[in-house]
Amino acid sequence: MSPTEAALDAAEGSAAAQARQRIMTAAMEVFLRDGYLGAKVDEIARVAGSSKQTIYKRFGSKDKLFEEIVFDRLGGIDQVFREAIGELAAAEDVATTLRMVAHRFVHLLTRPAQLRVRRLVIAEAGRFPQLGRAYFEAGPERVHAMLAACFAQLTERGLLRTTEPELAANHFTWLVVSIPVNKVMFCGDETRFAPEELDHFADTGVAVFLAAYQVR
């Protein structure tokens, strides 16, 4: 392949990726506004500046488009969690590193884009139980499993005391994120928290966690 052909292929690939993202962004907007049943592919195409035929060609069906949106959003946060938990597993100063992890978690999980996906999956869990289970397994359950393994390592090193690491992982995440996440889930995207408020939730959540699990 010549350099010119390679450049053309790269440009076409970039254009296709951008078109795909436009469709997914438009679909998210329409699904949130109209619900899954009320969302029409014609309307998604109009919002995306695309065509109904293009959407079916790229995604196959409205069901598949819905699933793609959900798992696309999950993929991005997995790497952030994995990196943060990896730093925690190797930490010597557990309290400081836990606060760092908590800050990342609460800021990431309260992003409007993440909460919209969560709200959408919950709203359609009765119609798509398999998607709800898959979201739970790939999102919360996966994060708690990684955290639990980390807490077990820190317990073996004598830095934490967790007899039930998975339960401790759930305690940690809910102490840190439950207040802002629950408020936004019920009250909508207009509910916002200042960065310092989110950091305060993280710091106080870690303080409660350490009171229960830190070796003294």
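Data block above holds the structure.
Residue indices begin from 1 for each chain and proceed along its sequence in written order. The predicted origin of the model limits local features to residues at a pLDDT of at least 70 and limits the giving and counting of side-chain atom pairs to 80 or more, whereas totals for whole chains, interfaces and linings rest on all residues. Think of the side-chain values as coming from all heavy atoms in the structure, minus any hydrogens and water.

Moving on to the packing of helix α9 (residues 165-187) against helix α10 (residues 195-213). Whenever a helix is involved, its axis is fitted only over the stretch in contact; in every case the axis is a line through C-alpha atoms, and angles between N-to-C directions fall within 0 to 180 degrees. Numbered from the N terminus, helices here are DSSP runs of H or I no shorter than four residues, and strands are runs of E no shorter than two. In the contact formed by α9 and α10, the axes pass within 8 Å of each other and the chain directions differ by 155°. Viewed along their axes, α9 and α10 adopt a mutual orientation that is roughly antiparallel. For the pair α9 and α10, the sense of crossing is right-handed. Across from A168, H171, F172, L175, V176, I179 and P180 in α9, the residues of α10 making contact are L198, F201, A202, G205, V206, V208, F209 and Y213. Residues are grouped as follows: Ala, Val, Leu, Ile, Met, Phe, Trp, Tyr, Cys and Pro are nonpolar; Asp, Glu, Lys and Arg are charged; all remaining types, including Gly, are polar. Class assignment of the residues belonging to the contact of α9 with α10 gives a composition of 13 nonpolar, two polar and no charged. If an angle is under 35 degrees, it is roughly parallel; if it is over 145, roughly antiparallel; if it lies from 65 to 115, roughly perpendicular; otherwise it is oblique. Put simply, a crossing is left-handed when the front helix is turned counterclockwise from the back one by less than a right angle, and right-handed when it is turned clockwise. Whether two residues touch is decided by their heavy atoms; if any such pair falls within 4.5 Å, the residues are in contact.

To continue, consider the layout of surface pockets. Grid points spaced at 1 Å over the protein atoms alone were grouped into cavities, where a 1.4 Å probe fits but cannot get out, and pockets, open sets with protein on both sides within 12 Å along at least five of seven lines, with lining residues defined by an atom within 4 Å of a point. Grid points are joined across faces, edges and corners, and a volume is the space filled by probe spheres set on the points. Empty space within the largest pocket amounts to approximately 550 Å³. If you go around the largest pocket, you meet 25 residues; those closest to its centre are R118, Y135, G139, P140 and W174. Listing elements by their share of the lining of the largest pocket, those giving two or more residues are α4 (62-89), α5 (94-109), α6 (112-123), α7 (129-138), α8 (140-156) and α9. Here the element with the most residues in the lining of the largest pocket is α9; it accounts for six residues. Across the lining of the largest pocket, the residue classes break down as 16 nonpolar, six polar and three charged. Each pocket or cavity is described by its volume, and for the second largest pocket that value is around 160 Å³. Lining the second largest pocket are 13 residues, and of these T110, P112, R192, F193 and L198 sit closest to its centre. Contributions of two or more residues to the lining of the second largest pocket are made by α6 and α10.

Our focus in this paragraph is the side chain of K62. The topology assignment puts K62 in helix α4. Buried and without a salt bridge, K62 has D63 as its closest oppositely charged side chain, separated by 6.5 Å. As used in this structure description, the phrase polar contact means that two N or O atoms lie within 3.5 Å; if the pair is within protein, one of them must be able to donate a hydrogen and the other to accept it, and residues adjacent in sequence are counted only when both atoms belong to side chains. A polar contact of 2.8 Å, which involves the side chain of K62, links it to the backbone oxygen of Y36. One polar contact links the side chain of K62 to the main-chain carbonyl oxygen of A39, over a distance of 2.8 Å. Once you skip the residues sitting within four places of it in the chain, K62 turns out to touch F31, Y36, L37, A39, V41 and Y56. In this scheme, a residue with accessible area under 20% of its type's maximum is buried, one over 50% is exposed, and one in between is partly exposed, where area comes from a 1.4 Å probe on protein chains only. All tallies of charge rest on Lys and Arg as positive and Asp and Glu as negative; His and the ends of each chain are not included. We define a salt bridge as a side-chain nitrogen of Lys or Arg found within 4 Å of a carboxyl oxygen belonging to Asp or Glu.

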